[in-house]
Amino acid sequence: MELTPASEIQCRTRNFQQKLVEQAVDGAVVLLQSDIFYFTGTVQNSYLFIPASGEPVLMVKKSITRGQQESPLKNIVAIKNPKQIPEILAAYGYNGFSKIGLELDVLPFNIYKSYEKIFPNTEFVDCSPAIKETRAIKSSYEIDLLRGALAVSDQAFLAVPSFLREGMSELELAALFEAEMRKRGFAGPCKMRAFNQDFYLGNICTGGSGFYPNYFDGPVGGQGASVAQPQGAGWKKINRNEVIYIDYTCIVRGYTGDQTRIFCIGELPAKLVKAFDDAVLIETEIVKSIKPGTLAEEPYLLALKLAAELGYQDNFMGYKQDQVKFIGHGIGLELDEWPILAKGMKTPIMPGMTFALEPKFVFPEGAIGTENSFVMTETGPQRLNTSPEVITYITC
């Protein structure tokens, strides 16, 4: 089992500590698993304290054994109850706090209230923006992990013609596609920071099922397996001459790649073929427009302009009232990291940021488009996945 290098953890911690110093915060208590993994290299039931200066302290309820084996942190100790946190930190010389950071974008209210009791007379501030900003710039180590995850999904997409058959259900296709990724190391789950945005591994829609909307903040819905899981693949049988839309994340060693590819048994109507070509055109123009420092809203505004010029006002990124208001999203340990490419987002897109672009259209006949994952470089976005960006036709 490959572990996160100590140098990687140390660099992440220093970058975050610098932001704590700038905000005059004594330290941060980190509780979200994806953030804990980022700063420690292990996923345990634990509490992480990162001081503005000095060594972090990881306090583990379960499993202390794995925590000590997997994390390069120097200070890893057992804890039974969060009420012990002040006592444990005092033993390391951390006390007298006036201001502590918490992940207030995700922390439940009742847990927040419990920390008010644990740290009386202490001001709590939101350290989530500082964490997101730190995590947004990926190291070469992280970029290699993303490439590895996307290589797995590339191979799965290339295998689709070997098992896609007319008459199989969307759920059967999903199971076979997921098996291709699973046997190559896909581990899941796909994590999102946004509240109540539960997301399965991916989405398969065929023909009219791609027209079904749902609650998820994405352009394409799907019928799902039931009304309790109204998303993605359902019981619909796959027919000839209809669009087969496969949009999947792939999580390997914690890092999430994202891409979409289109298939068809037979031939697609000219309308959908043109829509696919126009989606690729929009993506190409967006990629050409992005330079270091481009604000995150600019690709979305450009995409809206191009979609309108091409006549897709009602179909772009969803259908009419179910259209979503973004063209891309950051990828990493979560599927909704910075940058979010949407109107009003002023985050500069800087080298080291990784994101997915997904221009898509939804029609009553189905959903179609493309999605690729990119890393921002000094000269512009570089694609991380390699599977052909074409409609794959299958004759059988």
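The protein is annotated in an unreviewed UniProt entry as Xaa-Pro dipeptidase from Sporomusa sphaeroides DSM 2875.

Asker: I'd like a rundown of the UniProt feature "domain: Creatinase N-terminal" (unreviewed entry) in the protein, residues and numbers included.
Answerer: Within this structure's numbering, the places UniProt gives as "domain: Creatinase N-terminal" (unreviewed entry) are residues 12-137. With 41% helix and 23% strand, residues 12-137 has its two end C-alpha atoms placed 10 Å apart.

Asker: Requested: an account of the UniProt feature "domain: Peptidase M24" (unreviewed entry) in the protein, with residues and values cited.
Answerer: If you check UniProt for "domain: Peptidase M24" (unreviewed entry), the listed places come out as residues 145-378 in our numbering. Helix makes up 26% of residues 145-378 and strand 24%, with an end-to-end C-alpha separation of 20 Å.

Asker: Now, about the sheet that holds strand S3 (residues 57-62): what can you tell me, with residues and values included?
Answerer: The 6 strands lie next to each other as S4-S3-S2-S1-S5-S6, forming an open sheet whose pairing is mixed. The sheet terminates laterally at strand S4 (75-78) and strand S6 (123-126), the two strands that pair on one side only. On average, each strand axis in the sheet is tilted by 25 degrees relative to the strand beside it, whichever way the strands run. Sheet topology note: the strand S1 (residues 27-30)/strand S2 (residues 45-51) ladder contains 4 bridges and is antiparallel. Considered in S2, the bridge of Val-29 is made with Phe-49. Each of S1 and S2 is contacted by helix H1 (residues 6-22), which is oriented at about 60 degrees to S2, the strand it contacts most.

Asker: Lay out the environment of Asp-322 with the relevant residues and their values.
Answerer: With respect to the element layout, Asp-322 can be found in the loop between helix H10 (297-309) and strand S11 (326-330). Judged by relative accessible area, which is 35%, Asp-322 ranks as partly exposed. Along the backbone, Asp-322 and Leu-102 are 220 residues apart, and their C-alpha atoms lie at a distance of 34 Å. Those residues in contact with Asp-322 that lie beyond four places of it in its chain are Pro-213 and Met-317.

Asker: How would you summarise the packing of aromatic side chains if you had to cite specific residues and measurements?
Answerer: Considering all chains together, one arrives at 16 aromatic pairs under this definition. Centre to centre, the rings of Phe-97 and Phe-119 are 5.8 Å apart; their planes meet at 75 degrees, and the pair counts as edge-to-face. Of this pair, Phe-97 sits in the loop between helix H4 (85-91) and strand S5 (99-102) while Phe-119 sits in the loop between helix H5 (109-118) and S6, and the two are 22 residues apart along the sequence. Residue Phe-119 is classed as buried on the basis of its relative accessible area of 5%. With a centroid separation of 4.9 Å and an interplanar angle of 55 degrees, the aromatic rings of Phe-177 and Tyr-248 are classed as tilted.

Asker: Quick rundown of the packing of H1 against helix H6 (residues 128-136)? Include the residues and the values.
Answerer: Two elements in contact, H1 and H6, have axes separated by 10 Å at closest approach and are oriented at 140 degrees. Viewed along their axes, H1 and H6 adopt a mutual orientation that is oblique. Read as a crossing pair, H1 and H6 show a hand that is right-handed. Seen from H1, the contacting residues are Arg-12, Asn-15, Phe-16 and Lys-19; seen from H6, they are Ala-130, Ile-131, Glu-133 and Thr-134. By residue class, the composition of the contact of H1 with H6 is 3 nonpolar, 2 polar and 3 charged.

Analysis parameters
Residues numbered from 1 in each chain as written. Predicted model: local features only at pLDDT ≥ 70, side-chain atom pairs only at ≥ 80, totals over all residues. Heavy atoms only, no water. UniProt positions renumbered as here; feature names shortened; annotations may be inferred. Helix = DSSP H or I, 4+ residues; strand = E, 2+ residues; numbered from the N terminus. Pairing = 2+ DSSP bridges. Axes fitted to C-alpha atoms, helices over the stretch in contact; angles between N-to-C directions. Contact = heavy atoms within 4.5 Å. Buried < 20%, exposed > 50% of the residue type's maximum accessible area, 1.4 Å probe, protein only. Phe/Tyr/Trp six-rings, centres within 6.5 Å; stacked < 30°, edge-to-face > 60°. Parallel < 35°, antiparallel > 145°, perpendicular 65-115°, else oblique. Left-handed = near helix turned anticlockwise from the far one by under 90°. Nonpolar A, V, L, I, M, F, W, Y, C, P; charged D, E, K, R; others polar.

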